[in-house]
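Spelled out, the chains give:
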Amino acid sequence: MDALTGLNVLGLVLSAVLLAMACVKADRVRGWRASINPSAPETPDAAFVVARVVLVTLAGLGVYTAVQGFGVSDDSSWNDSELTNAVHRAADELDGYRFQTDESGSPLHFDDYASLIEDKVVRNAGGDAPETGVAAIPAAGDTAAGGSFTVTADGAGDAFCTRVERTRSKKDDYTPPGISGGEGTLTYLGYRLAVTVKEGAC
């Protein structure tokens, strides 16, 4: 349980205590008061009415604040269901994903496989899942041809091993036109990804 959730739970507990105090009968309070200070003046019924109104109002505000807080807490962290759905949808979207590389072999439209996976998981989260907190940690020995990535998210206990493999796809090569409008001399090599997912860290 994170700090915000703990604070919300505490708010609900305090609200319950306030409601319990509002339900105490006036005669019982008078009896306690007389046992502690017998010479104290009698407390009028109006005072108890005002006290109950104040206690119930404070309890209501506490419950409202806690409920709003739970909503904020849910929006700021992932749960296992959100991560599970997002990872599998991201894998489906990336399986068959095509891209080109420059002369050095670096992808043109993303930095690396880890950042690509993280971006796709966040984009496929939906619901109340936050837009941050996803990490795709590469396993040792990964190369440009592929690798394994342990995908986790803040607040979620589950982890998923996402395997990415790159295959050459000549039909996805791209040759931009030359300066004069004719055929260019530089060709960006095309590739496709094969992506699989299994539960647990890599």
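Here the structure is shown first, and the text comes after it.
Within the structure shown, the criterion is met by one disulfide. C161 shares a disulfide with C202; S-S distance 2.1 Å. Measuring handedness by torsion sign, the sulfur bridge of C161 and C202 sits at about 110 degrees and is right-handed. Of this pair, C161 sits in strand β4 (residues 160-168) while C202 sits in the segment after β5 (189-199), and the two are 41 residues apart along the sequence. Exposure remark for C202: the relative accessible area of 45% places this residue in the partly exposed category.

As a further point, take the sheet that holds β4. Spatially, five strands are ordered β1-β5-β4-β3-β2 in an open sheet, and the strand pairing comes out antiparallel. Only two strands of the sheet have a single partner each, and these edge strands are β1 (98-101) and β2 (134-138). In this sheet, neighbouring strand axes are inclined to one another by 35 degrees on average, regardless of whether the strands run parallel or antiparallel. Strand direction decides the pairing type here: β2 and strand β3 (residues 146-153), joined by five bridges, are antiparallel. Residue pairing across strands places P138 opposite F149, the latter belonging to β3.

Evaluation of the coordinates by the stated rule reveals one cavity of 30 Å³ or more. One number sums up the size of the largest cavity: a volume of about 50 Å³. Lining the largest cavity are V87, A90, A91, L94, I117, V121, T162, V195 and V197. The set of elements that each furnish at least two residues to the lining of the largest cavity consists of α4 (80-94), α5 (113-123) and β5. Sorting elements by how many residues they give to the lining of the largest cavity places α4 first, with four residues.

Basis of the calculations
- Residues numbered from 1 in each chain as written.
- Predicted model: local features only at pLDDT ≥ 70, side-chain atom pairs only at ≥ 80, totals over all residues.
- Heavy atoms only, no water.
- Disulfide = S-S within 2.5 Å.
- Helix = DSSP H or I, 4+ residues; strand = E, 2+ residues; numbered from the N terminus.
- Buried < 20%, exposed > 50% of the residue type's maximum accessible area, 1.4 Å probe, protein only.
- Pairing = 2+ DSSP bridges.
- Axes fitted to C-alpha atoms, helices over the stretch in contact; angles between N-to-C directions.
- 1 Å grid on protein atoms, 1.4 Å probe; cavity = no way out; pocket = protein on both sides within 12 Å on 5 of 7 lines; lining within 4 Å.
- Points joined across faces, edges and corners; volume = space filled by probe spheres on them.

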